[in-house]
Amino acid sequence: MKDTFQSIGEWWESVKGRIQDFFKNVGRKAARGRRKEFSRVQQQLQELHDLQLRGWDVKNPLEAVKKELSEHFHDESRRIIFRSEVENLEKGEKCNSFFKKIHSAHTPLVQLRNREGILCDTKEDIRKAVTDVYGDLYSEKRSDGDQAEKFLAGIPRKVSTPAREVLNAPLTLEELHIAVKSFKSGKTPGNGGLPIEFYTSLWDLVGPDLLELYEEMEQEGVMPHTLREGTIAFLYKHKGERCDLKNWRPISLLNVDYKILAKTMVNRLKGAMGEIVHPDQTCGVPGRRVADSLALIRNTIQYITD
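Basis of the calculations
As a convention, each chain's residues are numbered from 1 in the sequence order in which they are written. Under the rules for a predicted model, residues below a pLDDT of 70 receive no local features and side-chain atom pairs below 80 are neither given nor counted, while totals for whole chains, interfaces and linings still include all residues. Excluded from the side-chain calculations are hydrogens and water; all other atoms, namely the structure's heavy atoms, are used. Think of it this way: any DSSP run of H or I at least four residues long counts as a helix, any run of E at least two long counts as a strand, and we number them from the N terminus. Expected span of a helix, by definition, is 1.5 Å for each gap between consecutive residues, and there is one gap fewer than residues. The buried label applies to any residue whose accessible area, calculated with a 1.4 Å probe on protein chains only, is under 20% of its type's maximum; exposed applies above 50%, and partly exposed to all values in between. We call two residues in contact whenever any of their non-hydrogen atoms come within 4.5 Å of each other. For the purposes of these results, a polar contact is taken to be a pair of N or O atoms within 3.5 Å, where, inside protein, one atom must be able to donate a hydrogen and its partner to accept one; residues adjacent in sequence count only when each atom of the pair is a side-chain atom. To define axes, lines are fitted to C-alpha atoms, for helices over the stretch in contact only, and angles between the resulting N-to-C directions are given on a 0 to 180 degree scale. Crossing handedness is defined as follows: a turn of the near helix away from the far one that is anticlockwise and smaller than a right angle gives a left-handed crossing, while the clockwise case is right-handed. Residues are grouped as follows: Ala, Val, Leu, Ile, Met, Phe, Trp, Tyr, Cys and Pro are nonpolar; Asp, Glu, Lys and Arg are charged; all remaining types, including Gly, are polar. Any Lys or Arg side-chain nitrogen found within 4 Å of a carboxyl oxygen on Asp or Glu counts as a salt bridge.

In the nomenclature of an unreviewed UniProt entry, the protein chain corresponds to Reverse transcriptase from the organism Pleurodeles waltl.

Given below as structure tokens:
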């Protein structure tokens, strides 16, 4: 099937779309089945009640139907809770107490001032105002290559040859799998709709395809569309005017196939950070601790005092 597409990227985009459609159809079919079963149980319960009013002994079957109905309500409650958690995940990157607290007091963005200071109150105008701000923020910026080279040339610390070879080596299926296993479950999948659990469960099937996709991206220098897009959700900071976009916290939701590649690159960089980051920088560098800086400050104060 890959041969029918011009690139692996186009094929991967098509596969993700088909998978989304498949699970949507499965979900709709399951929902119809649940509604049909619920109607059957309700009808059976009504019939048993009618028989009981006529003097029939239907105690045991009536209890059985009531239990079945109770289980249905229990399952439906679980689905409602799950959907609520998903909504929390979409409002915030992870569903912890901080984001739940914000979400509980969440109100929609109904008014917003654009760059000209005009108050917008329609969906179209609000969308345009947000697009103008973040379109400029994330647009491609011109850079001076000569100045960049001059700046980098003045940095005394360099990456060693062994570390450079590791950084420039081709991607492997093993390091992609390590990245996949490092993700926590229950996170929002982005607008692609495929969560990390999909990749974890079907890694033997999708892993080689992902590797092939990433290799093509490196060769061609182009990412597929869904790897370059994200959804920005806004959370009010509970300070300042609600119509000022600065008072809303942007949360970017990215697709998991992009996150896997990014995590793999991060894992590679961790091995070289110790060579290029000054020893005084302890936070975020593998093998160093913030406590080392605290100890240095304490010893410095002690030395001055003595």
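Engineer: Mind laying out helix α10 (residues 256-276), listing which residues take part and the relevant values?
Structural biologist: Look at α10: 29 Å from first C-alpha to last across 21 residues, which is about the 30 Å you get at 1.5 Å a residue. Residues V256, D257, K259, I260, L261, T264, R268 and A272 constitute the buried set of α10. Where the residues of α10 are buried, they touch α1 (8-53), α6 (161-168), α7 (173-182), α8 (196-201), α9 (203-220) and β4 (248-254).

Engineer: Lay out the environment of F5 with the relevant residues and their values.
Structural biologist: Residue placement: F5 occurs in the segment before α1. Using a relative accessible area of 24% as the deciding quantity, one classes F5 as partly exposed. Sequence spacing of F5 and N60 is 55 residues, and the spatial spacing of their C-alpha atoms is 61 Å. Excluding anything up to four places from it in sequence, F5 contacts E10, W11 and S14.

Engineer: Tell me about the environment of E197, and please be specific about residues and values.
Structural biologist: Among the structural elements, E197 can be located in helix α8. For the pair E197 and L62, spaced 135 residues apart in the sequence, the C-alpha separation amounts to 41 Å. Contact partners of E197, with chain neighbours within four places excluded, come to S185 and G186. One polar contact links the side chain of E197 to the main-chain amide nitrogen of G186, over a distance of 2.7 Å.

Engineer: For the packing of α7 against α9, give the residues involved together with the corresponding values.
Structural biologist: For the pair α7 and α9, interaxial distance at closest approach is 10 Å and the crossing angle is 115°. Here α7 and α9 pass one another in a crossing that is right-handed. Between α7 and α9, the contacting residues are L173, L176, H177 and V180 on the first element and W203, G207, P208, L211 and Y214 on the second. Residue classes in the contact of α7 with α9 are distributed as 7 nonpolar, 2 polar and no charged.

Engineer: Which residues make up the pattern of salt bridges, and what are the values?
Structural biologist: Following the criterion strictly, the structure yields 11 salt bridges and no others. Here E175 and R268 are joined by a salt bridge, their closest N and O atoms 2.6 Å apart. Note that E175 is positioned in helix α7 and R268 in helix α10, a separation of 93 residues in sequence. Each member of the pair E175 and R268 is classed as buried. A salt bridge links D292 to R289; the shortest N-O distance between them is 3.2 Å. With relative accessibility at 32%, the residue D292 sits in the partly exposed group.

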